[in-house]
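Summary of the model geometry
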Amino acid sequence: MISIRPRKEADLATVVEWVPDAAALYLFTGPRLRWPLTTEQLSEMESEPNLSAWIGASSSNGMSVGHFDLTQHDETFRIGRVIIDPAQRGQRLAATLVELAVAKVQALGASRITLNVIAGNSPAIRTYERIGFRTYPTSTEPGVVSMELLL
Ligand SMILES: CC(C)(COP(=O)(O)OP(=O)(O)OC[C@H]1O[C@@H](n2cnc3c(N)ncnc32)[C@H](O)[C@@H]1OP(=O)(O)O)[C@@H](O)C(=O)NCCC(=O)NCCS
């Protein structure tokens, strides 16, 4: 089992360690952040209006296993920067993490949750589809798939 808590300064280095190269960074953040990823780049994003960053941690030992952030636009929340510790992948933890994020925004009165994912990132797209996200057409850049979940 995992639970979520607000990301702290001390978590930044852990998340940076989960991103070993430029290709992994591109899956994690799209073109948004530059390789090499630094704790400062992640930290700077927190100055964006309405953005909160979260850590998924093991309920048994408190170990950090995943990360995401949420940005609120009225009743729509965008989930971004989803990542699972590479050593913990393949256990469906991402689905649990995103379900916890969905429950959180639902409790805050959200009616819709959206995300962008790099086309071809099948492990991520399958995770989101399993939870009920569906692709919707947008004018975002080519190579990016936009998905939404209506709550
Ligand atoms: C996408 C991601 C969040 C999925 O997390 P997860 O908890 O490992 O997800 P799952 O356990 O459901 O595994 C998903 C797929 O990963 C693959 N997988 C299984 N074990 C794996 C392992 N040890 N390492 C890497 N991938 C593995 C499988 O192909 C699995 O496919 P399946 O759905 O057919 O079983 C994770 O791979 C990740 O952090 N990727 C890098 C960042 C990223 O792409 N984020 C998405 C941003 S939109």
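Residues numbered from 1 in each chain as written. Predicted model: local features only at pLDDT ≥ 70, side-chain atom pairs only at ≥ 80, totals over all residues.

1. Some words on the overall build of the protein
This is how it is decided: The way it works is that DSSP assigns letters per residue, a run of H or I at least four long becomes a helix, a run of E at least two long becomes a strand, and they are numbered from the N terminus. The globule rule used for comparison is 2.2 Å times the number of residues to the exponent 0.38, while the radius of gyration itself is calculated over C-alpha atoms. What counts as a contact is two residues whose backbone-derived C-beta atoms lie within 7 Å of each other.
A tally of helices and strands in the protein yields 5 helices and 7 strands. Going residue by residue from the N terminus, the α and β elements of the protein occur as β-α-α-α-β-β-β-α-β-α-β-β. Its C-alpha atoms give the protein a radius of gyration of 14 Å, within 12% of the compact-globule value 15 Å for 151 residues. In the protein, the proportion of contacts linking residues at least 24 apart, taken out of those at least 6 apart, comes to 56%.

2. Here we look at the site of the ligand
Filter applied, for reference: Residues are counted as near a molecule or strand when the C-beta atom, derived from backbone positions, lies within 6 Å of that molecule or strand. Residues are grouped as follows: nonpolar covers Ala, Val, Leu, Ile, Met, Phe, Trp, Tyr, Cys and Pro; charged covers Asp, Glu, Lys and Arg; every other residue, Gly included, is treated as polar.
In the region of the ligand, 18 residues are neighbours, and Leu27, Arg89, Gly90, Ala94 and Pro123 sit closest. Counting residues per element, the ones that place at least two in the shell around the ligand are α2 (22-29), β4 (76-84), α4 (93-107) and α5 (122-131). In terms of residue class, the shell around the ligand is made up of 11 nonpolar, 4 polar and 3 charged.

3. Observations concerning the packing of α4 against α5
Under the convention used in this document: Here an angle of 0 to 180 degrees is reported between the N-to-C directions of two axes, which are lines fitted to C-alpha atoms, with helices fitted over the stretch in contact. Note that the term roughly parallel is reserved for angles under 35 degrees, roughly antiparallel for angles over 145, roughly perpendicular for angles of 65 to 115, and oblique for everything else. Note on convention: the crossing is left-handed when the near helix lies turned anticlockwise from the far helix by less than a right angle, right-handed when the turn is clockwise.
Close contact between α4 and α5 brings their axes to 9 Å; oriented N to C, the two are set at 50 degrees. Classified by the interaxial angle, the pair formed by α4 and α5 is oblique. For the crossing formed where α4 meets α5, the hand is right-handed. Contacts between α4 and α5 involve Ala94, Ala95, Val98, Glu99 and Val102 from the first element and Thr127, Tyr128, Arg130 and Ile131 from the second. Per-class residue counts for the contact of α4 with α5 are 6 nonpolar, 1 polar and 2 charged.

So yeah, pure geometry; function would need other evidence.
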